[in-house]
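# Inside the fold
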Amino acid sequence: MAKFFRAAIMGPPGSGKGTISKRIAQSFGLQYLSSGHFLREGIAAKTEAGLLVGSYVERGMLVPDLVMNRLMLPRLEQLSGHSWLLDGFPRTLAQAVALNNLYQLDLVISLNIPYETLRERLSDRWIHPASGRVYNMGFNPPREQGKDDITGESLIQHDDDKPEALMARLRHYKDVAKPVIDLYKSQGILYSFSGTDTDRIWPYINTLLSTKMLIEPSDTCQTQTP
Ligand code: G5P
Ligand code: MG
């Protein structure tokens, strides 16, 4: 494997970023950082920053770029010497530029999932708030209904998965993601995957990463045709 491998995964709400990130982290040993998880940690802890971002997350709005950059970039500094995967960050061009000023990504995965599939998935999604573990009543149900498999504690549904917030999140995603996708395309590191089933997309991502992590050192210049 390359000494350090740096990747990001993009996609609309419910596209499977979290599910695929966990598989990547497990299969390839990357450190996995989810912006949504860190935000929810702050909200649950009721810190000053948590209260501020809570109002955005509840309404399905993007948290301001400066707040996101301050939340995510220092965590990457702590991971120097590790390979990592970002889930949900960067989400805007300003975030992508701030990240790019510090780190050159090796690969960006973009998930294209039809709207109807996203809507069905998110209305069925339940979370264990303390750990961030995600369940789906159809795809990935807990062993006991409404309870976390590990702790037995109650599962909850996010405010931002409720219908009004969800529509707002999907509308925002497309507009805001386009310049970010264009940036990574222009760098030759964007790989897009389309489909309705994570299990069918996963083998392609697995193969791509196996190839990239085996043969491409992160610090060499790359010419790729995604
Ligand atoms: P998050 O937490 O980053 P979103 O909105 O981007 O949230 P989300 O909801 O976490 O995305 P996901 O990670 O893309 O979705 O998808 P997932 O959780 O793996 O899968 C969704 C559901 O579908 C799960 O229940 C899963 O089990 C199920 N599933 C997966 N695959 C399949 C399948 O093949 N079939 C079926 N049937 N089910 C499947 O961000 C939350 C908020 O934080 C703020 C924003 O307010 C955002 O709305 N935020 C930021 N703001 C500004 N900048 C940033 N960088 C920000 N990052 C977060
Ligand atoms: Mg997620």
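Here is what the cut-offs are and how they apply
Residues numbered from 1 in each chain as written. Chains lettered and ligands numbered in written order. Predicted model: local features only at pLDDT ≥ 70, side-chain atom pairs only at ≥ 80, totals over all residues. Heavy atoms only, no water. UniProt positions renumbered as here; feature names shortened; annotations may be inferred. Near = heavy atom within 4 Å. Polar contact = N/O pair within 3.5 Å; in protein donor to acceptor, adjacent residues only side chain to side chain. Helix = DSSP H or I, 4+ residues; strand = E, 2+ residues; numbered from the N terminus. Nonpolar A, V, L, I, M, F, W, Y, C, P; charged D, E, K, R; others polar. Contact = heavy atoms within 4.5 Å. Buried < 20%, exposed > 50% of the residue type's maximum accessible area, 1.4 Å probe, protein only.

Going by the annotation in an unreviewed UniProt entry, the name recorded for the chain is GTP:AMP phosphotransferase AK3, mitochondrial, with Salarias fasciatus given as the source organism. Quoted verbatim from the Sequence similarities (unreviewed entry) field of UniProt, the annotation for the chain is "Belongs to the adenylate kinase family. AK3 subfamily."

In the neighbourhood of ligand 1, 32 residues make up the surrounding shell, with T19, S35, M61, R169 and T198 lying closest. A distance of 2.6 Å is found between an oxygen atom of ligand 1 and a backbone nitrogen or oxygen belonging to M61. Take N136: an N or O atom from its side chain is 3.5 Å from an oxygen atom of ligand 1. Those elements giving two or more residues to the shell around ligand 1 turn out to be α1 (17-28), α2 (35-45) and β6 (133-136). With four residues, α2 is the single largest residue contributor to the shell around ligand 1. Partitioned by chemical class, the residues of the shell around ligand 1 number 12 nonpolar, 12 polar and eight charged.

Time to look at the UniProt feature "binding site: GTP" (unreviewed entry) in the chain. Residues given the UniProt feature "binding site: GTP" (unreviewed entry) here are G14, S15, G16, K17, G18, T19, R125, V134, Y135 and T198. Tracing the backbone through its elements, the reader meets G14 in the loop between β1 (6-10) and α1. With residues near it in sequence (within four places) discarded, G14 still touches L118, R121 and L122. Summarising the element assignment, V134 is placed in strand β6. We classify V134 as partly exposed; its relative accessible area is 29%. Dropping the residues within four chain positions of it, V134 is found in contact with K22, R125, W126, I127 and N140.

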